[in-house]
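Spelled out, the chains give:
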Amino acid sequence: MKVSVSKAAVHLQKVDAVVFLVLKTLRKQRVAEIESLAGQSADAIDVDFKAAEGEVAVLYPQSGNGQSNGKAVSAKRIFLVGLGEKPSLDTFRKAASAAATKAKELKLAKVAFDLSDVADYAKQLSESASYLSQATTEGFLHGAYEFQMLKTDRVEAMKQGKKTTGEKKHEITELMILTDAKSFETVQHGAEVGEIIGTSQSMVRDLINQPSNYIDAVSLANAAKKSGKAHGFAVTVFDKKKITALGMGGLLGVNRGSAIPPTFSILDYKPARTNGKALPTIAIVGKGVTFDTGGISLKPADNMGDMKSDMSGAADVIGAVEVAARLKLPMRVIGIIPSTDNKTGPDAQNPGDILTTYAGITVEVDNTDAEGRLILADGLTYVKEQYNPDVIIDLATLTGACVVALGNPAAGLFSNNDDVAEQIFKAGMRSGEKVWRMPMWDDYDKQIKSDVADVKNTGGRGAGAITAAKFLEKFIGDHKAWAHIDIAGPAFASMSGSTARGSSGFGVRLLAELMRNWN
Ligand code: BES
Ligand code: MN
Ligand code: ZN
């Protein structure tokens, strides 16, 4: 999709739809304005359209019928999108996303988005016009996203003389943001940032939505390399031999049931010029389980296919390092991805097995389905020892318990550092990818005590998300700034019928916001 910003008048745009935002409090006034632009009564809309947050109404203007001064809109459709009563930054994302979803449903190509009032909105929200434009662009790209990669295109196939039952693939080709001359530059800047974050998020969603016969430990590492090549950061991939030599017993234990070797990828972004300044180093570790069957502690069949998304944390790592490189952020970002699937092959590890991790800590594998923490353990210790970063953040679809606690709207946050936790919480509120902090009191330690090893990979029925975090904490040594984000709830929507089924890309905007404001 081409994203552009223009100072041209709204009514001149020959597009498939032009989008107008409507505050609930100004609904009457706005509908009247639209009526004069459309050259027709909007009574039908006036009755039902309440301008609730993300509500969309579509109007079909009669060409040539517009205002007497010749200001009829040239667009085929007018979208009115509600902002609700008290919009926040994320309201703009939701509104733009709803507009894009509607455009997708109607199979439209070109959409113009009216942000001529952006300065007023910015003032009202105490935000910059640039950030509103960024959020609008991010939201639009998020709503426009569709996982079509593995659908055959009927028209393309016919051209090549092949038969297929596929449909013609659809894509929104253009988003044109319209604003006034005064706000032009700041809106343009925001749209550029939003486009970078939004398109990297779409790349991440494509990785997550691809099933396990497309994305395995090797192809996931290749995806990291491909991004590094395209955007200018280094990627090193350790193979099974190297992983074995390093003694990464957690990753190797989980990999035992698999026919595909594990990988351990290191993504390393540094800005080209540092001007002699010391840069902060942010490390991000992501769970890269390309499919989680549960292993010998096998999962039930229902919705097991969703476990293709168990590498969402890893995909977020690729996305975040990519965003840092594309935005040329003044920091070093190290991304770490331990990756394997969790399978039941003849040599699969058994419950009760004891692993020796990279840290030297022994782990009783009480349940082979608690595999994420085993591979993350090696990633966390490795990055702490080799890079001693200023902060270590891990993202993982780690526990069903976290989904029970917080559902889909928010990720669980666990940290040994109040300042880091606060920064991540704030980034969540601004990016719309919300996190909620949970406790890590020592009281929970006894649940993961093992009789036969240093620690056990399960913690019993209560506080499953917390005991998982307590397990990870053992592997960061004496590091004083670590945070774990359990994204099992928000990463992937399994509900059928919802247009947003599949990966949400949750984590990319959160990390982008965190890195951009890091101190
Ligand atoms: N990948 C799952 C967690 C998960 C569940 C993610 C639902 C997304 C949706 C993880 O590896 C897992 O199986 N965790 C177990 C841990 C338990 C055996 C201690 C769980 O949550 O049941
Ligand atoms: Mn599991
Ligand atoms: Zn898992």
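Keep in mind the model is a prediction, meaning the values are calculated, not measured.

**Considerations on the overall build of the protein chain**
Check the secondary structure of the protein chain and you find 16 helices and 20 strands. In terms of overall size, the protein chain behaves like a compact globule, its C-alpha atoms giving a radius of gyration of 25 Å where 519 residues would be expected to give roughly 24 Å. In terms of principal-axis extent, the alpha carbons of the protein chain reach across some 85 × 55 × 45 Å. Out of the 519 residues belonging to the protein chain, those deemed buried represent 58%.

**Examining the domain arrangement of the protein chain**
If you check the domain split of the protein chain, you get domain 1 (2-180) and domain 2 (204-516). Taking only C-alpha atoms into account, the centre of domain 1 sits 36 Å from that of domain 2. In this assembly, 13 residues from domain 1 lie in contact with 14 residues from domain 2. Surface buried jointly by domain 1 and domain 2 totals about 1,300 Å² across both partners, of which 50% is contributed by carbon and sulfur atoms.

**A short note on the coordination of the manganese ion (ligand 2)**
Ideal geometry at a metal centre: 109.5 degrees between donors when four sit tetrahedrally, and 90 or 180 degrees when six sit octahedrally. Bound to the manganese ion (ligand 2) are the protein donor atoms D292 (OD), D369 (O), D369 (OD) and E371 (OE), situated 2.1 to 2.2 Å from the metal. The coordination sphere of the manganese ion (ligand 2) comprises six donor atoms, whose angles at the metal cover 71 to 168 degrees; the geometry is irregular. Written as a sequence motif, the donor residues of the manganese ion (ligand 2) are D-x76-D-x1-E. In this model, the manganese ion (ligand 2) sits 3.1 Å from the zinc ion (ligand 3), the two metals being bridged by D292. Of this pair, D292 sits in strand 10 (residues 288-292) while E371 sits in the loop between strand 13 (362-364) and helix 12 (372-387), and the two are 79 residues apart along the sequence. Assigned by exposure class, D292 and E371 land together as buried.

**Quick word on helix 5 (residues 129-144)**
Taking 1.5 Å per residue, 16 residues should reach 22 Å; helix 5 reaches 22 Å between its end C-alpha atoms and fits that length. Taking burial as the measure, the 16 residues of helix 5 include 16 buried ones, the bulk of the element.

**Observations concerning the coordination of the zinc ion (ligand 3)**
Taken together, the protein donors to the zinc ion (ligand 3) comprise K287 (NZ), D292 (OD), D310 (OD) and E371 (OE), at separations of 2.0 to 2.4 Å. Considering all six donor atoms around the zinc ion (ligand 3), angles at the metal cover 78 to 174 degrees and the coordination shape is octahedral. Considered as a linear motif, the donors of the zinc ion (ligand 3) on their single chain read K-x4-D-x17-D-x60-E.

**Digging into the site of ligand 1**
Around ligand 1 sit 16 residues in total, of which K299, D310, D369, E371 and G400 are the nearest. Within the complex, 75% of the 520 Å² of free accessible area of ligand 1 lies under protein. The cavity where ligand 1 resides is the second largest pocket. Split into classes, the residues belonging to the shell around ligand 1 amount to four nonpolar, five polar and seven charged.

**Considerations on the side chain of S450**
Considering the arrangement of structural elements, one finds S450 in the loop between strand 16 (434-437) and strand 17 (455-456). What makes S450 buried here is its relative accessible area of 14%. Side-chain polar atoms of S450 contact the backbone nitrogen of V452, separated by 3.1 Å. Looking at S450, its side chain comes within polar contact range of the main-chain nitrogen of A453, at 2.9 Å.

The rules behind the values
- Residues numbered from 1 in each chain as written.
- Chains lettered and ligands numbered in written order.
- Predicted model: local features only at pLDDT ≥ 70, side-chain atom pairs only at ≥ 80, totals over all residues.
- Heavy atoms only, no water.
- Helix = DSSP H or I, 4+ residues; strand = E, 2+ residues; numbered from the N terminus.
- Rg over C-alpha atoms; globule rule 2.2 N^0.38 Å.
- Buried < 20%, exposed > 50% of the residue type's maximum accessible area, 1.4 Å probe, protein only.
- Domains from an automatic or database assignment.
- Contact = heavy atoms within 4.5 Å.
- Buried area = accessible area lost by both parts, 1.4 Å probe.
- Donors = N, O, S within 2.8 Å, 3.2 Å for Na, K, Ca; no water.
- Tetrahedral: all angles 85-135°; square planar, octahedral: opposite > 155°, others 65-115°.
- Expected span 1.5 Å × (residues − 1).
- Near = heavy atom within 4 Å.
- Areas by Shrake-Rupley, 256 points an atom, 1.4 Å probe, with all protein chains shown as cover.
- 1 Å grid on protein atoms, 1.4 Å probe; cavity = no way out; pocket = protein on both sides within 12 Å on 5 of 7 lines; lining within 4 Å.
- Sits in = over half its atoms within 2 Å of the grid points.
- Nonpolar A, V, L, I, M, F, W, Y, C, P; charged D, E, K, R; others polar.
- Polar contact = N/O pair within 3.5 Å; in protein donor to acceptor, adjacent residues only side chain to side chain.

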